[in-house]
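Residue strings, one per chain:
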Amino acid sequence: MSIEFLLLVVGGAFGALVSRLFRLPMWPIVGAILGSATTGVLLDHGLRRPDGVSFFAQILVGTAVGASVLPGFLRQLGRLIVPALLVVLTLVAVGVSTALVISHLDLVGSSEALLGMVPGGIGEMVAAASAMEANSALVAGIHVSRLLVSLWILPLIVRWAQTWDRPLES
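Residues numbered from 1 in each chain as written. Predicted model: local features only at pLDDT ≥ 70, side-chain atom pairs only at ≥ 80, totals over all residues. Heavy atoms only, no water.

A closer look at the overall build of the chain
And then number 1: Scanning the chain from N- to C-terminus turns up 7 helices and 0 strands.
And then number 2: Along the chain, helices and strands appear, N-terminal first, in the series α-α-α-α-α-α-α.
And then number 3: Over its C-alpha atoms, taken along the principal directions, the chain stretches across nearly 60 × 40 × 30 Å.
And then number 4: Counting all 170 residues of the chain, 20% fall into the buried class. (Helix = DSSP H or I, 4+ residues; strand = E, 2+ residues; numbered from the N terminus. Buried < 20%, exposed > 50% of the residue type's maximum accessible area, 1.4 Å probe, protein only.)

Digging into helix α4 (residues 73-104)
And then number 1: Considering bend angle alone, the principal kink of α4 is centred on Leu80 and spans about 55°; proline Pro83 follows within four residues of it.
And then number 2: The elements touched by buried residues of α4 are α5 (110-117).
And then number 3: One or two positions beyond α4, positive phi appears at Asp106, with a value near 60°. (Bend = angle between axes of the 7 residues up to and from the residue. Contact = heavy atoms within 4.5 Å.)

Concerning the confidence of the model for the chain
And then number 1: On average, residues of the chain score 85 in pLDDT, and 92% of them are at 70 or above.
And then number 2: Ranking the elements of the chain by mean pLDDT puts helix α6 (residues 122-131) last, at 81, and α5 first, at 94. (pLDDT = per-residue confidence, 0-100.)

What to know about unusual backbone geometry
And then number 1: Even without being a glycine, Arg23 presents a positive backbone phi close to 55°.
And then number 2: Tracing the chain through its elements places Arg23 in the loop between α1 (3-21) and α2 (27-43).

Notes on the packing of α1 against α2
And then number 1: One way to put it is that α1 packs onto α2 with a least axis distance of 6 Å and a crossing angle of 130°. The angle between α1 and α2 places the two elements in the oblique class. In this structure, α1 meets α2 at a crossing whose hand is right-handed. Where α1 approaches α2, its residues Leu7, Leu8, Gly11, Gly12, Gly15, Ala16, Ser19 and Arg20 are matched on the opposing element by Trp27, Pro28, Val30, Gly31, Ala32, Gly35, Ser36, Thr39, Gly40 and Leu43. (Axes fitted to C-alpha atoms, helices over the stretch in contact; angles between N-to-C directions. Parallel < 35°, antiparallel > 145°, perpendicular 65-115°, else oblique. Left-handed = near helix turned anticlockwise from the far one by under 90°.)

Digging into α5
One turn of an α-helix holds 3.6 residues; hence residues three or four places apart share an orientation.
And then number 1: Those residues of α5 that fall on the buried side of the exposure criterion are Glu112, Ala113, Leu115, Gly116 and Met117.
And then number 2: Contacts made by the buried residues of α5 are with α4, α6 and α7 (136-165).

Here is the structure:
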């Protein structure tokens, strides 16, 4: 394990702690992203994670999500499959449309715009950018920005949506 990787981990942990102190929404992930990104920028050094770390992290996240599946999940999923497909198709359409606009405005190249704006895992899109000889750092930056905005506004949207779940007072 390299010293650079350890610095990224320390930066991510520090960012998570600071985010908790400031009560940021989704503080562990938001803080880790901000902390490790800040570490990389401040060191002005091409910090790279060792091969396999992203794979291992994805396994941990997948395991955590899988462990939260409860009995009745498939029945519930069956009721939600059509709305879920509509949401995914809408997200893809909005992402592609936005990418075409920002590419047309010459804000970024078309490859970077499409890979940065469509939904998908950051690691997978960065790998695709690299394979296509696009700017993978820019693609990662776009995805991180989208992720942070989503994580920051999601608690507000959930609170707003919960007001619709409450029975009306008569």
